[in-house]
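Given next are the chains, with one letter for each unit.
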Amino acid sequence: MSECIFANFFYCCTLGWFWRFVILAMDIEEDNWKKINSELNKLNKKYLHKHSVILNTSPPRVGKTINTISRHIEDNVPVIVFVDNEKQSKDLYNKLIGTIRVDEERLYYWRNKAISCYIMQLSEEETENNEYIINAKSEINEGVNHCKKCFYHKDCYWKWQRRNVKDYDVILMNKHNIGTVLIDDDELFYKNGEKRSIIYDEEIDKPQLTYYKQLNNVDIDLFNKIYSLTLGISNDLISNNNDFIDKIDLIKEMLKVRVNYVEIINSGFDFSKYNKKYGKLDEKAYLELFFNKIKNNIEIYDYLDKKPAPLPEKGKNGDYDFDLFQLEKLFIDILIEKRSEHNIILLDATPLKIIVDRIKDKVDDFKEIGVSAGFFKKQSLMFRIERKGGYVKNSRMSVKTRIKKNINLNKISNKNLGLDKDISYITAFKINELIKEYNRISGKNAKYGVVTYGSIRFKNNLVIDVVRMLKENGIENILYYGNYRGMSILNECEIIHVIGTDLHDSSASYNLYRYLDGEKSLQELKKSYNLEKQEFRDFLFDKLVKHQRNSGMEQIIFRNMPHMKKRIVIIEGYLPPHLEEYFKYTFPLKVYEEFPNSGTIATSSKRIIEEIINKFLDSIYYNKKIEEEFYNSYSQMSCETKQKLSSKLEKMDKEEARKEVMNLAKKYLSPKYKRKYKCLPKGVFDYLNKNYIILMKKAKINSLKRFRGLYNDFIENK
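The rules we used
- Residues numbered from 1 in each chain as written.
- Predicted model: local features only at pLDDT ≥ 70, side-chain atom pairs only at ≥ 80, totals over all residues.
- Heavy atoms only, no water.
- Core = buried A, V, L, I, M, F, W, Y, C linked by side-chain atoms within 4.5 Å.
- Buried < 20%, exposed > 50% of the residue type's maximum accessible area, 1.4 Å probe, protein only.
- Helix = DSSP H or I, 4+ residues; strand = E, 2+ residues; numbered from the N terminus.
- Contact = heavy atoms within 4.5 Å.
- Pairing = 2+ DSSP bridges.
- Axes fitted to C-alpha atoms, helices over the stretch in contact; angles between N-to-C directions.
- Parallel < 35°, antiparallel > 145°, perpendicular 65-115°, else oblique.
- Left-handed = near helix turned anticlockwise from the far one by under 90°.
- Nonpolar A, V, L, I, M, F, W, Y, C, P; charged D, E, K, R; others polar.

A. Region of interest: the nonpolar core. Core analysis: the largest hydrophobic core is formed by 99 residues, its most contacted members being Val81, Phe383, Tyr425, Leu470 and Ile495. With nine residues, the top contributor of residues to this core is helix α21 (residues 423-442). Not counting residues within four places of it along the chain, the set of residues in contact with phenylalanine 383 comprises Ile568, Val569, Ile570, Ile571, Phe587, Pro588, Leu589, Ile612 and Tyr631. Formed by 80 residues, the second largest nonpolar core is a distinct cluster that contains Val165, Ile248, Ile359 and Val545.

B. How the structure looks around the pairing of strand β2 (residues 79-83). The buried fraction of β2 amounts to five of the five residues, a majority that puts the element mostly inside the structure. Residues Val79, Val81 and Val83 line one face of β2 and the alternating positions Ile80 and Phe82 line the opposite face, and both faces are buried. Pairing between β2 and strand β4 (residues 170-174): five bridges, direction parallel. In the strand pairing of β4, valine 79 is matched with valine 170. Taken together, the four bridges between β2 and strand β7 (residues 197-201) define a ladder with parallel strand orientation. Residue pairing in the sheet places valine 79 in a bridge with serine 197 of β7.

C. Inspection of the sheet that holds strand β12 (residues 344-347) at higher detail. In spatial order, the strands read β3-β4-β2-β7-β12-β1-β13; together these seven strands make up an open sheet with parallel pairing. The open sheet has two edge strands, β3 (107-109) and β13 (366-369), and neither has a second partner. Each neighbouring strand pair of the sheet contributes to a mean axis angle of 15 degrees, computed without reference to strand direction. Examined bridge by bridge, strand β1 (residues 53-56) and β13 share four bridges and lie parallel to one another. If you follow valine 53 over to β13, its bridge partner there is phenylalanine 366. Seen against the sheet, helix α19 (residues 353-362) touches β1, β12 and β13 and runs at an angle of roughly 145 degrees to β13.

D. Expanded view of the packing of α21 against helix α26 (residues 603-621). Across the interface, α21 lies against α26 with an axial gap of 10 Å and an inter-helix angle of 45 degrees. The pairing of α21 with α26 is recorded here as oblique in orientation. Our pair here, α21 against α26, has a crossing hand that is right-handed. Touching Thr427, Lys430, Ile431, Leu434, Ile435 and Tyr438 of α21 are Lys606, Ile609, Glu610, Ile613, Asn614, Leu617, Asp618 and Tyr621, all from α26. Its residues assigned to classes, the contact of α21 with α26 shows eight nonpolar, two polar and four charged.

Interpretation in functional terms is not warranted from these geometric data alone.
Given below as structure tokens:
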């Protein structure tokens, strides 16, 4: 449906803005699509090209990226768009070609060097026994710029791309290119002398990381040889990477006296030691690799030395933790620093406030725009799973805890370790069955999706492949945490079920913490975690970790587009409070097992879920209006004790059965039947007991007297 909407929308681009919305109004039934697209277009038309930096914070999946690019195309302003990965670039490329009807000669998807360099594309068979190609690949893999001396310029797509990209109106490119020499390429950032606007799509807090390159034994031998040649001292200066850091001031002084490459080559150093790692390169290439590594490591040290946080250490023995020796710089900071003369448009539904404030401080003309929750017509429902007196804030650990209680991890025979019997997942299996049954009876094609963990790992290296388990139990539409940005299989699911919370290891937030001048080491921060309050004592670090969680959960829920279409979202995990603003109603929902560890849902819980799902799908496919009270009554009922719930449902069954019996009695006691069969109340009572045994048992009408009384009341109330 979304493809169709955008196709219609952009087909009208050349007709002008007024007629575009006239056509949209005729073609699109959903009010949200019309309202949101109209508002986005108004904002873009009003503010684009007029501010140095614009931040658009509209929610995910409303068309921010497409709308912004289309505005540039219509205004004939060239633009370069930075996205997260190749898949997102291709998705965006195909959507632009298919919806805006933009000519392929105006739109270009930038291929990274690894997939466009002629030499890197040659297969092993093609390069066999070709020493030049083998050595060139080694150089390129290690970061040596081989282009200047390459023999294959004529056949190289990378070179063609560098020459011709300037002719395109729209360039799609991976964000990682921001941290390369391409950021200084004016031919990329200008078209015929006109500045390109820059669109940066999502995650403005994403840093570029430069990693410390540990020196191996051969590097250390070469370093000591150069040290000896430089200062005429025969003793070795360093024996390991710790020495390199501890003596880095001496090393900086040494490097000021640059030794001639020829002198090093003629010193007798055995360069063949490098062959095992890099292949047969010439000595100058080895030295270029070596000095690049030294410069890289000094740059990282200088960066870390200026930061308030201590140098990363491993344990208490004084060794440095070189895995955390990294230089962090936000991609957006590089853009502002290197390309401040361009208009920069940031698209981020969940920006971190501290990053936004820093951007405001760096630029003179900043404007924040966006479509707020108030613009959306609320039509979706949310059911929050309740357990043990409150909403579930599920994590991997809570699932692991339940599994450990139910099985012996030392005696494993089931590859799922009992996860396929866990209450969260048997609920998902049952919902999937109920929707398939609805489709079978109605002839519809309602879809159900599940978002959860890709896998669950235990300390003893046992791993549950959660995605595989879900597929084995018939669930087709699955998204797992860490794999949800961009186009999604959840787009067309009427009902989704979110199991768990998208929690990254807190270490993932440390780079940004240090970049923002946090003062503590990662070890200190982890020790400060308060399990009872579920927070870190360091305010900044706690804020970054929680922002990652909130941002992740928002992205996940909006993949289903409940703010744009009519949906049910069932969630048993953390819910950012502001997300409820996008839903018409939010209800609690409790689900019982038949008995502990049974691996089946209680009949009463199944009945409630079935009623809710069937009524909701009827409201979509048959346009039936279902009142809030219906959902609310079943929600409240689900939260009763298991015994009370069973009793209430039994009472409901009795009332429904009695209503059906009375309708049959009315039919058989009508004038038509009375004339034909001479029916009297006793005869009808006996007939129903003989031919509707189960119905009469449910209705609990045990006597003719009770039957007469109920029938008289029924007729009077009619």
